[in-house]
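Given next are the chains, with one letter for each unit.
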Amino acid sequence: MTPGSGLQAGLKNRHLSMIAIGGVIGAGLFVGSSSGIATAGPGILLSYALVGTLVVLVMRMLGEMSAANPASGSFSAHAERAIGPWAGFSIGWLYWFFWVVVLAVEATAGAKILEGWVPAVPQWGWALIVMSVLTATNLVSVGSYGEFEFWFAGIKVVAIGAFIVIGLLAVFGVLPGVHTDKASFGNLTNHGGFLPHGPGTILTGVLLVVFSFMGSEIATLAAGESEDPQRAVTKSTNSIIWRIGVFYLGSILVVVSLLPWNDPSIKKEGSYVAALDSLGIAHAGQIMNVIVLTSVLSCLNSGLYTASRMAFSLGRRGDAPKAFARTTARGVPMAAILASVVFGFVAVFFNYAYPDTVFLFLVNSSGAVALFVWLVICFSQLRMRKIIQRESPEKLVVRMWLYPYLTWITAAFIVGVLCYMLTDTEGESSGRTTVLLSVGVAAVVVVIALLKQKFGPARAESAPVADAAEKVTTG
């Protein structure tokens, strides 16, 4: 294998399976669900079900395109082919921007937990250590990234699985040695009803939980470095329904059944810690801290991987410095990884030096990127289906349901969520602020893309659907 010859197929099937499962379980599920429960009560289940359905539909569209044409740039490469070079450039750089900001958010969250355990090391020191270790992991090989993510995601999956089983046993009153005086399915309706603040809170809940689903598309990016990309994409796409059903809806159902939705401990301690504490399980807070830290490390690991592979794809297509497209003998895009982590470190610095100005702007201006990505996937799939049917119909091994009607309905729902966010005006990170700043940044990127397309050097023709956009070498 010679340096610069491309990515390697270093991810095994077990890596891809766990990346797909772990990708839908973000740290936001553990730390962000309490505000959703406080807002919508047990009705937050409907909010999670709505967003979960949206993600299933978007992933089905992405799965259709990625199974036909696995690429390290995933939806960015598909957008370039289906909509135009400006679309691939814009959504690729916005997605990269989103993940380097996430690196700073997650590194800080992990550092807070670690500082609580070892206060001798300052918070910024822990952030530096965590990011350095995971950077080294990503630089070694894609296999080492996959191995770390396999275990990180495995711990998350086992933890949530155990939480659901223990919680349901307690609700049914068959779990010995715990307090079950508050546990009952009656909690779903006994405290002001299933929707104590009215049906409007379902949509408010959607705004609170939608961003905890970001990451479900990582499996399609990683599939390009697996031994059988088409099989990996097909499998992860087909399994996302039960993954969201079990891990999101199942665990939240357990939380709002174990104790009343308006119990003060949910907001004070966090929903999962409060639920375990209500059963009298010793050291529940520390147990959850370990699980949340694992989720944070998993998100950091995948965030760095995802940002670097998007930068690699942009470099490969001439939309980023050519150095980003070069790989080491192990098939690692070193320059793309280092560039991504440098911006991550800069964002961490802003988080400590200017948390209420520069960093707040970074978080708000990248906040709606998830919805932009999903919207671009919808429009790409509308065009790409026709291209695939014309050029390589045998590659349509995954098909979007009820095409094109369900695709248009999904796109309309995403636009509806963005419009509803404009009505949220409370706080510095309000929905309106997030949408307006994100749209502003997106507009700047699109203008740059259009200028590059018009005045930049001529591009080579996009690869036909029959060929992978990025060649992956088995090593």
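Residues numbered from 1 in each chain as written. Predicted model: local features only at pLDDT ≥ 70, side-chain atom pairs only at ≥ 80, totals over all residues. Heavy atoms only, no water.

**A closer look at the overall build of the chain**
Here's step 1: When helices and strands are tallied, the chain shows 18 helices and two strands.
Here's step 2: Its C-alpha atoms give the chain a radius of gyration of 22 Å, near enough to 23 Å, the size a compact globule of 475 residues would have.
Here's step 3: Its C-alpha atoms put the chain at 70 × 55 × 40 Å along the principal axes.
Here's step 4: Looking at the 475 residues of the chain, the share that counts as buried comes to 57%.
Here's step 5: Expressed as a percentage of contacts within the chain between residues at least 6 apart in sequence, the contacts between residues at least 24 apart total 81%.
Here's step 6: Accessible area for the chain stands at about 18500 Å²; split by element, carbon and sulfur atoms hold 67% of it.
Here's step 7: Distance between charge centroids for the chain: 9 Å, based on 29 positive and 24 negative side chains. (Helix = DSSP H or I, 4+ residues; strand = E, 2+ residues; numbered from the N terminus. Rg over C-alpha atoms; globule rule 2.2 N^0.38 Å. Buried < 20%, exposed > 50% of the residue type's maximum accessible area, 1.4 Å probe, protein only. Contact = heavy atoms within 4.5 Å. Areas by Shrake-Rupley, 256 points an atom, 1.4 Å probe, with all protein chains shown as cover. Lys, Arg positive; Asp, Glu negative; His and termini not counted. Charge placed at Lys NZ, Arg CZ, Asp CG, Glu CD.)

**A word on helix α4 (residues 75-82)**
Here's step 1: Extensive coverage of α4 is indicated by the burial of seven of its eight residues.
Here's step 2: Those residues of α4 not exposed but buried are Phe75, Ser76, Ala77, His78, Ala79, Glu80 and Ala82.
Here's step 3: Buried residues along α4 sit against α3 (44-68), α5 (85-117), α13 (284-316) and α16 (369-391).
Here's step 4: Downstream of α4 by one or two residues, Gly84 has phi in the positive range, about 150 degrees.

**As for the pattern of salt bridges**
Here's step 1: By the definition in use, this model includes five salt bridges.
Here's step 2: As a salt-bridge pair, Glu64 and Arg385 come within 2.8 Å of each other at their nearest N and O atoms. You can see Glu64 sitting in helix α3 and its partner Arg385 sitting in helix α16, a full 321 residues away along the chain. (Salt bridge = Lys/Arg side-chain N within 4 Å of Asp/Glu carboxyl O.)

**Notes on the packing of aromatic side chains**
Here's step 1: Counted according to the given criterion, the structure contains 18 aromatic pairs.
Here's step 2: Look at Phe150 and Trp151: their rings are 5.2 Å apart centre to centre, the planes differ by 90 degrees, and that puts the pair in the edge-to-face class.
Here's step 3: The exposure class assigned to Phe150 is buried, which follows from its relative accessible area of 16%.
Here's step 4: Using a relative accessible area of 54% as the deciding quantity, one classes Trp151 as exposed. (Phe/Tyr/Trp six-rings, centres within 6.5 Å; stacked < 30°, edge-to-face > 60°.)

**Details of the nonpolar core**
Here's step 1: Among the nonpolar cores identified, the biggest contains 151 residues, and Tyr95, Trp99, Leu258, Val373, Trp374, Ile377 and Ile414 are the most heavily contacted of them.
Here's step 2: Setting aside chain neighbours within four positions, we find Ile414 in contact with Leu54, Val58, Leu371, Trp374, Leu375 and Cys378. (Core = buried A, V, L, I, M, F, W, Y, C linked by side-chain atoms within 4.5 Å.)

**Let's talk about the packing of helix α10 (residues 229-258) against helix α12 (residues 271-278)**
Here's step 1: Where α10 meets α12, the closest approach of the two axes is 9 Å, and the angle between their N-to-C directions is 50 degrees. It follows that α10 is oblique to α12 by the angle criterion. Crossing angle aside, the handedness with which α10 passes α12 is left-handed. Contacts between α10 and α12 involve Ser251, Ile252, Val255 and Leu258 from the first element and Ser271, Tyr272, Ala275 and Ser278 from the second.
Here's step 2: A breakdown of the residues in the contact of α10 with α12 according to their chemical character gives five nonpolar, three polar and no charged. (Axes fitted to C-alpha atoms, helices over the stretch in contact; angles between N-to-C directions. Parallel < 35°, antiparallel > 145°, perpendicular 65-115°, else oblique. Left-handed = near helix turned anticlockwise from the far one by under 90°. Nonpolar A, V, L, I, M, F, W, Y, C, P; charged D, E, K, R; others polar.)

**Digging into the packing of α3 against α10**
Here's step 1: Relative to each other, α3 and α10 sit at 175 degrees, their axes nearing to 9 Å. Of the possible angle classes, the one that applies to α3 and α10 is roughly antiparallel.
Here's step 2: Its residues assigned to classes, the contact of α3 with α10 shows 17 nonpolar, seven polar and one charged.

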